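Chain by chain, the residues run as shown.
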Amino acid sequence: MAAVAQNQVQKYNPKLMCNVAIKQANGDNFWSIYNKQDDSKMNSCESNVTATSTFQSIPSRGQNKINLFANNGKYVMIKRDIGGQGIHALAKQPKTWELFTLEPITSQLIQDKTNLYAIKCDNGKYITSNGKGWLIANSSNIGFNQMFRIIPQ
C-alpha cells in the first residue's frame, strides 16, 4: 500500500475489506460500542480512535453494501425488538439486519466529500446521531446528522 501524507486522508473503498473508524461529519466524535459486556449499544461519543471505535468493513452483496464487524466479536445491526431503530453490535452472523448501504454524499453544500456517506439500513432509514450521541436508524432524509466519514485505519 502506498504511503499517505500525514494530513491526507486515505480513500475508503467499500469493495475492499479493511478496518475503519466512522466519524460524525458534523462533529469530532467517532462511533463506538457503549457497553461491550452487556447491551453493545452504539453511540458516537468517542473523541479518539480506540479499540471500541474500530470496525472491520466487510464488502457484501450488491453495490456499496457492507457489514460492520466490531471488536466485541459481533456484527453491527438494527435491534428490531425496540422498534427497529437502535444500532447495536450484537449479531453473531451477518444477515439482513446487519447489511448497510453506503450512499456517497454529493451535495454541493459540502466542500470536503472525501469518504463521506449516508448509511442506510435494511428498514429503508438512515443512521442518525440523535444529538445525545446514540445511533438510531429513523431518518427518511439525509441531513448533517446522517452524514458520516468512513476513515480507513
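In the block above lies the structure referred to throughout.
What you see is a predicted model, and the numbers here were worked out from it, not measured in a lab.

So, unusual backbone geometry
Then comes step 1: Phi is positive for N64, close to 55°, though the residue is something other than glycine.
Then comes step 2: Of note, N64 is situated in the loop between β4 (55-59) and β5 (65-69).
Then comes step 3: Notably, N115 is not glycine yet its phi reads approximately 60°, a positive angle.
Then comes step 4: Mapped onto the secondary structure, N115 falls in the loop between β8 (100-104) and β9 (116-120).

Here's the deal with the environment of S44
Then comes step 1: One can find S44 in strand β3 (residues 42-46).
Then comes step 2: For S44, the residues in contact, after removing those within four places along its chain, are Q24, N29, F30, W31, S129, G133 and L135.
Then comes step 3: A distance of 2.8 Å separates polar atoms of two side chains, one belonging to S44 and the other to S129.

Describing the side chain of N64
Then comes step 1: A relative accessible area of 17% means that N64 is categorised as buried.
Then comes step 2: If near-sequence neighbours (up to four positions away) are discounted, N64 is found in contact with P14, F100, T101, L102 and P104.

Points about the pattern of salt bridges
Then comes step 1: Summed over all chains, the structure comprises two salt bridges.
Then comes step 2: K120 is the partner of E103 in a salt bridge, and the nearest nitrogen-oxygen pair spans 3.6 Å. Here K120 lies in strand β9 and E103 lies in strand β8, a separation of 17 residues in the sequence.
Then comes step 3: Here E103 falls in the partly exposed class, since its relative accessible area comes to 22%.

Rules of the game
The written sequence of each chain sets the order in which its residues are numbered from 1. Local features in this predicted model are restricted to residues of pLDDT 70 or higher, and side-chain atom pairs are both shown and tallied only at a pLDDT of 80 or more, whereas totals for entire chains, interfaces and linings draw on every residue. Here the side-chain values reflect all heavy atoms present in the structure, with hydrogen atoms and water set aside. A run of DSSP states H or I qualifies as a helix once it reaches four residues; a run of E qualifies as a strand once it reaches two. Both are numbered from the N-terminal end. We call two residues in contact when some of their heavy atoms are within 4.5 Å. Polar contact is defined as a pair of N or O atoms within 3.5 Å, subject to the rule that within protein one atom must be able to donate a hydrogen and the other to accept it, and that residues adjacent in sequence are counted only when both atoms are side-chain atoms. Exposure categories follow from relative accessible area, calculated using a 1.4 Å probe and restricted to protein chains: below 20% of the type maximum is buried, above 50% is exposed, and the middle band is partly exposed. Salt bridge, as applied in this entry: a Lys or Arg side-chain nitrogen positioned within 4 Å of an Asp or Glu carboxyl oxygen.

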